[in-house]
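# Topology and contacts: notes
Read off the chains here:
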Amino acid sequence: MHLKTPLFLLFLAAGEAAATTLTATPAKLTQSDREIKIRWSDLPEPDGLDHVAIYSPPSSSDRDFLGYIFLNGSASWRSGRGELSLPRLPNLRAPYQFRLFRWPAKEYSYHHVDHDGNPLPHGRHRVAVSGDVAFEGSAARPEQVHLAFADSVDEMRVMFVCADAGKRSVRYGLGKEEEQEKGWTEVGTEVRTYEQKHMCDAPANDSVGWRDPGFVFDGLMKGLEPGRRYFYKVGSDLGGWSETYSFISRESEANETIAFLLGDMGTYVPYNTYIRTQDESLSTVKWILRDIKALGDKPAFISHIGDISYARGYAWVWDHFFSQIEPIAASTPYHVCIGNHEYDWPSQPWKPSWSTYGKDGGGECGIPYSVKFRMPGNSVLPTGNGAPDTHNLYYSFDSGVVHFVYMSTETNFLQGSDQHNFLKADLEKVNRSRTPFVVFQGHRPMYTSSDETRDYSMRQQMVQHLEPLLVTYNVTLALWGHVHRYERFCPIKNLQCLNTSSSFVYPGAPVHVVIGMGGQDWQPIWQPRTDHPDVPIFPQPGISMYRGGEFGYTKLLATREKLTLIYVGNHDGQIHDMVEIFSEETSVDSSGTDAVAGTKLSSGASTKRKISPLYLEIGGSVMFALMLGFAFGFLVRKKRETAQWTPVKNEET
């Protein structure tokens, strides 16, 4: 009798699998399709943990899913049938497939958990499989288009991804009409990729995290006229062309600068997966897109200072990220610097005893970051394990009246290092008559009042080796990420505030600002103070001028006379903090008030030359365009509707 029972149960299981249906539509995704519908029926005895797992390519094993959604997100799930919607997923250069699983609560395993400690499905009880969902047309069509400044001011770089390494081109010109396109310039592209063997650690080098990244194409548009709107598209006649995008070319003699700056934004992924993803990043992109549209034909660029996609070894998260930023990055240069979640791995080449470098990169060791982006300059560091070199570590460029400098806090920055030598030489040769302001950027902060005790020794090293450069060469602003808050400090020199107002003439040391509030949702607590041990919200130290916990981003607006940094909150799209730094040659009247803006300055302000009417015209038009954008509110928070697990909001460890 005991031999018949297992066979009987096996027969029932086979019957259940045959009876339950799972479909995913449309089977072919067109450019106009915005979502995928997943439907199931005839599921006996439905349970709250029944789920659909997502796969690409379809040959993936049951355990190697991209993510999953619970069936109880459908109102009718208890009846054994229902429907769920997924937003259009990025093209992973292979079809998607969906599989329905049972997951008995007794089979929870707290040895196999996600980033928040929630149990992960094990993929043992598969009930039904959908047909494949593929992308219509050629898989070779370009995706993930994004721009960046190149070394020359009359150039613009464009990068994109295709499924194969076939020949691709960039076509560009000043007119978008079809008859004008005949006069467009066409240039070729370079192509690169990387392989699973190049990854340095798990999960990046494991079947769970690895997916084919496709081929990254890199084209350079040259000979651009300054300050003009150019139109372009990428691809080939054989593989297909992208849609037509446009951008405003750089102008070396421009007398204004507009930039959007943030750190630690991450990626929205519309399903549960192995790691926490960043829903709030959608809002950040939407608000920046609003502001870019309000600018019209004024040029701008975006600066994302580390912890970019938070893929951390799960390759497809990078595809989600680039699809998410394409609406802004295909029309506005997108600049980055490396963070711990792009790079850190156990055997990285430089790992001093005082550092906190660990496994934050998920085994990527900077490889996807180095191939998917290409910044100006040619900073290179060998990985030390035979993988491709790490690029995009430190570089600089001019944009209008501001000189921007990027560093790597994850590689050697001590005095005598290649990076330190570059930073010193770069700051020494800044032409202050052309760019009166200098903005310095890196990932881990030199100053923070959060309780980030693990990086205390690193901050000491940064103060010792980097702060003298910032003070000696009159850096205006120092921007940092890593701490997922906004915090503005006073201008600091030798740990002393030189000015405590929010509007002043440059006093001889940089204002430090932490801008890591772009989207990552775990938040550090503020650092306790010994004289207020029982106060739940610890008072700010004297050097901290403003602290905010809202997600958001910053805008930089600069003319020859004044640089303004604005902090915009995602929850309302409004200004929450602002600092104005006037150049040392700004004209002020005897009352210490800016002659044009009517802004009260610090008591030590000196009177020099008059501000021209052009400044008023430019500054007024920029502020009007940006403030016009604030008048339009829209829904900024898109929540997941199907996941049951509750993310834990705590400090990163």
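Residues numbered from 1 in each chain as written. Predicted model: local features only at pLDDT ≥ 70, side-chain atom pairs only at ≥ 80, totals over all residues. Heavy atoms only, no water.

Right, let's get into the sheet that holds strand 8 (residues 125-129). Working definition: the strands of a sheet are paired by backbone hydrogen bonds and lie parallel or antiparallel to each other. Strand order in the open sheet formed by four strands is 5-4-7-8, and the pairing between neighbours is antiparallel. Looking at the sheet topology across the chains shown, the edges are occupied by strand 5 (67-70) and strand 8. Each strand axis lies, on average, 30° off the axis of its neighbour in the sheet, ignoring direction. Judged from the four bridges that link them, strand 7 (residues 97-102) and strand 8 form a sheet pairing that is antiparallel. Bridge assignment links R99 to a residue of strand 8, and that residue is V129. (Pairing = 2+ DSSP bridges. Helix = DSSP H or I, 4+ residues; strand = E, 2+ residues; numbered from the N terminus. Axes fitted to C-alpha atoms, helices over the stretch in contact; angles between N-to-C directions.)

On to the sheet that holds strand 33 (residues 562-569). Across the sheet, seven strands lie side by side as 20-19-18-32-33-34-29; this open sheet has mixed pairing. Unpaired on one side and paired on the other, strand 20 (334-337) and strand 29 (503-505) mark the two borders of the sheet. Strand-to-strand twist of the sheet, defined as the mean angle between neighbouring strand axes without regard to direction, takes the value 20°. Both strand 29 and strand 34 (residues 575-582) contribute to a ladder of three bridges, which runs parallel. In the strand pairing of strand 34, S503 is matched with E580.

Okay, the state of the cysteines next. Applying the stated criterion across every chain, the model contains two disulfides. Note on cysteine connectivity: C200 is disulfide-linked to C365, with sulfurs 2.1 Å apart. Here C200 and C365 share a disulfide; its torsion about the S-S bond, 75°, makes the bridge right-handed. In this pair, C200 is assigned in the loop between strand 13 (185-192) and strand 14 (215-221) and C365 in the loop between helix 5 (340-343) and helix 6 (367-372), connecting sequence segments 165 residues apart. You'll find C200 and C365 in the same group, each marked buried. Linked covalently through their sulfurs, C490 and C497 form a disulfide whose S-S length is 1.9 Å. Residues C490 and C497 are joined by a disulfide whose S-S torsion is about -85°; by sign, that bridge is left-handed. The buried category is assigned to C490, whose relative accessible area is 1%. With a relative accessible area of 27%, C497 lands in the partly exposed category. Each disulfide in the chain links cysteines that, numbered along the sequence, combine into the pattern 1-2, 3-4. (Disulfide = S-S within 2.5 Å. Buried < 20%, exposed > 50% of the residue type's maximum accessible area, 1.4 Å probe, protein only.)

Moving on, we come to the pairing of strand 13. Looking at chain direction, strand 12 (residues 169-173) and strand 13 are connected through four bridges and run antiparallel. Within the sheet, the bridge partner assigned to Y172 lies in strand 13 and is T185. Across four bridges, the pairing between strand 13 and strand 14 is antiparallel. Its bridge partner being in strand 14, E190 is matched across the sheet by D218.

This part is about the side chain of R444. Checked against the element boundaries, R444 lands in the loop between strand 25 (437-441) and helix 8 (456-465). Taking relative accessible area as the criterion, R444 reaches 1% and is therefore assigned buried. A polar contact is formed between the side chain of R444 and the side chain of D455, at a distance of 3.1 Å. Beyond its immediate sequence surroundings of up to four residues, R444 is in contact with N340, D344, T356, Y357, T409, E410, D455, M458, M462, W480 and H482. (Polar contact = N/O pair within 3.5 Å; in protein donor to acceptor, adjacent residues only side chain to side chain. Contact = heavy atoms within 4.5 Å.)

Here the structure, examined in full by the defined rule, presents 41 aromatic pairs. Note on Y230 and F247: the rings are 5.9 Å apart at their centroids and 15° apart in plane angle, and the pair reads as stacked. With Y230 in strand 15 (residues 229-236) and F247 in strand 17 (residues 245-248), this pair connects stretches of sequence that are 17 residues apart. Here Y230 matches F247 in class, with each residue buried. Feature note: the residues F65, Y68, F70, Y274, Y314 and W316 constitute an aromatic cluster, connected by ring pairs. A cation sits over an aromatic face here: K233 above W241, 5.4 Å from the ring centre. Across from the ring centre of F149, 4.3 Å away, lies the NZ or CZ of R250, which sits over that ring. (Phe/Tyr/Trp six-rings, centres within 6.5 Å; stacked < 30°, edge-to-face > 60°. Lys NZ or Arg CZ within 6 Å of the ring centre and 35° of its normal.)

Now for the environment of V511. With respect to the helices, strands and loops of the structure, V511 is situated in strand 30 (residues 511-515). In the structure, V511 is positioned 32 residues away from L479 in sequence and 8.4 Å away in space, judged by C-alpha atoms. In this structure V511 touches T476, L477, A478, R488, F489, C490, P491, F504 and I581, once residues within four positions along its chain are discounted.

A few words now on the nonpolar core. Counting 135 residues, the largest nonpolar core has F98, M221, Y232, Y334, F373, L477 and L556 as the members making the most contacts within it. For this core, the element with the highest residue contribution is helix 4 (residues 316-329), accounting for eight residues. Not counting chain neighbours up to four residues away, the residues in contact with L556 comprise T257, I258, A259, L261, V402, F404, V439, L477, L563, T564 and L565. Within the second largest apolar cluster, 28 residues are counted, among which are Y357, F440, M462 and A478. (Core = buried A, V, L, I, M, F, W, Y, C linked by side-chain atoms within 4.5 Å.)

With that settled, the discussion passes to the environment of M578. With respect to the secondary-structure elements, M578 resides in strand 34. M578 sits 13 residues away from L565 along the chain, and the two C-alpha atoms are 5.6 Å apart. What M578 contacts, discounting residues up to four positions off in sequence, is R488, S502, T564, L565 and I566.

The next subject is the pattern of salt bridges. Counted by the stated rule, this structure contains 32 salt bridges. Among the ionic pairs, R171 bridges to E186, the shortest N-O distance being 2.8 Å. In this pair, R171 is assigned in strand 12 and E186 in strand 13, connecting sequence segments 15 residues apart. By relative accessible area, which is 44% here, E186 ends up partly exposed. (Salt bridge = Lys/Arg side-chain N within 4 Å of Asp/Glu carboxyl O.)

Low-pLDDT portions of the prediction should not be read for the details of their coordinates. For the chain, per-residue confidence averages 87 on the pLDDT scale, and residues scoring 70 or more make up 84% of the total. Confidence drops under a pLDDT of 50 for residues 1-17, and excluding neighbours within four residues, the segment shows four contacts in the predicted structure. A low-confidence stretch, residues 588-653 (pLDDT under 50), is modelled with 152 contacts involving residues beyond four sequence positions or located in other chains. (pLDDT = per-residue confidence, 0-100.)

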